[in-house]
Amino acid sequence: MPPGITLAADTPTLSAANTGFMLICSALVMIMTPGLAFFYGGMVRVKSTLNMLMMSFISLGIVTILWVLYGFSAAFGTDHGSLIGWSSDYVGLSGIGLTQLWDGYTIPVYVFAVFQLMFAIITPALISGALADRVKFSAWALFITLWATLVYFPVAHWVWGTGGWAFDLGVIDFAGGTAVHINAGAAALGVILVIGKRVGFKKDPMRPHSLPLVMLGAGLLWFGWFGFNAGSWLGNDDGVGALMFVNTQVATAAAMLAWLIYEKIRHGACTTLGAASGAVAGLVAITPSGGSCSPLGAIAIGVIAGVLCAMAVGLKYRFGYDDSLDVVGVHLVGGVIGSLLIGFFATGGGQSDAQGLFYGGGLTQLWKQLAGVGAVLAYSLVASAILAFLIDKAIGMRVSEDDEVSGIDQVEHAETAYDFSGAGGGTVLRSAAPGPGPGPVGESAAQIKKVDA
């Protein structure tokens, strides 16, 4: 959300057009969480598919209830010490009038609350991709509850809440580069450093079982992201939302192409998983920056994010942390790139008059962006690691090694993703020939295996 910007000079009145637009955007952001579930679900092995889907879907339930009870108040209530919000009228959403407007805008408070709810839902779901194959579902549900309360709600207030320290400093985060992507990516890193690697990491093949499912998820994410980004201006009165819509498409396309070109040069092939991952990297990077840059700037941001995120997914092998589905490489790195590049590409003609280095603004905005990025990254990393450690000591974060090897779907959910009982004899599972490179791009390749039905 843009700091210090209102949509009209006079006292706003309820706009049916903006209200309808924001309800549609809220639904678009909601569909991103099932899209994320498909994206992640296709990237894991067959025996973990349902668990991966459920780790996203459960966030729809838990965070919705938390948001109504106290989350909206903590994130967007009256500021207390620039660190947290609180307004009794927002507790239980019980003191809000039907036509009461969000301050300075032309949409009801209820509409703003439900739009922001969808952001709160998908952020912890993003973390789940780093923890594939090995986390107890009950422990994950408890982690979501505590993390949303102690990390997401305060950080959302810092960045978007009136009186939040980052908001007042002038840190630009149009739709969630710091509050969503850096926050989730740093949390993922903190948790995996505590819970450790999957059984067989860097030894056994851990390739995506369904690349079509990955592409379906990526398509849903791309589609829903227009609501995520363009809707974050909270209206359609001055063209900034339209600029963000255009930049979202442009940066995503540029990042996908850049990732594929990097793959072709580095590994000799353009993979479907590379296309999907590159698109997501572009979406992540343009999320904080798209309201402040031009379409040409969006191309540059997309290209930079596509290449650097493609390079970053291999760091887990070099440094030995098991980020299963590259949440760190795409969301943390992409969020940092998009947030910092505002300090270079902000034109001063979009969401605010802040200008980056390339447009005569010097380094002022870059230092502000660095402050926001550094604070959110450090807080989320440390707080998330502490939460994971405490939960692990209390109830255990991981399933047993035997359960992990046999399959977390059957153990945690008493189900399997695919029923081969009617196939008879054996089933041949085919996927691509051994593929190049690190991370999911390299792991998208597989061998032909004989599996008993």
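Residues numbered from 1 in each chain as written. Predicted model: local features only at pLDDT ≥ 70, side-chain atom pairs only at ≥ 80, totals over all residues. Heavy atoms only, no water.

Student: Mind laying out helix α10 (residues 295-312), listing which residues take part and the relevant values?
Tutor: Taking 1.5 Å per residue as the helical rise, α10 with its 18 residues ought to reach 26 Å, and the 25 Å between its terminal C-alpha atoms agrees with that figure. On the buried face of α10, the contacting elements are α8 (240-267), α9 (272-289), α11 (315-319) and α12 (327-345). (Helix = DSSP H or I, 4+ residues; strand = E, 2+ residues; numbered from the N terminus. Expected span 1.5 Å × (residues − 1). Contact = heavy atoms within 4.5 Å.)

Student: Explain the environment of asparagine 183 to me, and be specific about the residues and the numbers.
Tutor: Along the chain, asparagine 183 turns up in helix α6 (residues 177-195). Take asparagine 183: its relative accessible area is 0%, and that puts it in the buried class. As a C-alpha pair, asparagine 183 and leucine 377 span 194 residues in sequence and 6.2 Å in three-dimensional space. (Buried < 20%, exposed > 50% of the residue type's maximum accessible area, 1.4 Å probe, protein only.)

Student: For the nonpolar core, give the residues involved together with the corresponding values.
Tutor: Ranked by size, the top nonpolar core spans 120 residues in total, and within it Phe72 and Leu131 carry the most contacts. Residue contributions to this core peak at 15 residues, all from helix α4 (residues 137-160). Setting aside residues no more than four positions away along its own chain, leucine 131 makes contact with Met55, Trp140, Val191, Ile192, Ile195 and Ser324. (Core = buried A, V, L, I, M, F, W, Y, C linked by side-chain atoms within 4.5 Å.)

Student: Go over empty space enclosed by the protein, please, and point to the residues and values.
Tutor: Enumeration over the complete set of coordinates arrives at four cavities of 30 Å³ or more. What the largest cavity holds in volume is close to 80 Å³. Contributions of two or more residues to the lining of the largest cavity are made by α1 (16-43), α9 and α12. Class assignment for the residues of the lining of the largest cavity results in eight nonpolar, two polar and one charged. Taken as a whole, the second largest cavity spans an internal volume of roughly 60 Å³. (1 Å grid on protein atoms, 1.4 Å probe; cavity = no way out; pocket = protein on both sides within 12 Å on 5 of 7 lines; lining within 4 Å. Points joined across faces, edges and corners; volume = space filled by probe spheres on them. Nonpolar A, V, L, I, M, F, W, Y, C, P; charged D, E, K, R; others polar.)

Student: Any chance you could break down the packing of aromatic side chains for me, citing the residues and the numbers?
Tutor: Each aromatic ring pair is summarised here by two numbers: the centre-to-centre distance and the angle between the ring planes. Following the criterion strictly, the structure yields 27 aromatic pairs and no others. Each ring, one from phenylalanine 76 and one from tryptophan 102, has its centre 6.1 Å from the other, and the planes form 85 degrees; the classification is edge-to-face. One end of the pair, phenylalanine 76, is in helix α2 (residues 49-76); the other, tryptophan 102, is in the loop between β2 (84-85) and α3 (109-127), and 26 residues separate them in sequence. By relative accessible area, which is 6% here, phenylalanine 76 ends up buried. (Phe/Tyr/Trp six-rings, centres within 6.5 Å; stacked < 30°, edge-to-face > 60°.)

Student: I'd love a proper account of the state of the cysteines, names of residues and values included.
Tutor: As used in these notes, a disulfide is a covalent bond between sulfur atoms, one from each of two cysteines. A full pass over the atoms with the stated rule returns zero disulfides. Cysteine 25 carries a free sulfur, and the closest cysteine sulfur to it, the one in cysteine 293, is 19 Å from it. Cysteine cysteine 309 is unpaired, with the sulfur of cysteine 293 as its nearest cysteine sulfur at 16 Å. Residue classification places cysteine 309 among the buried residues on the basis of a relative accessible area of 0%. (Disulfide = S-S within 2.5 Å.)

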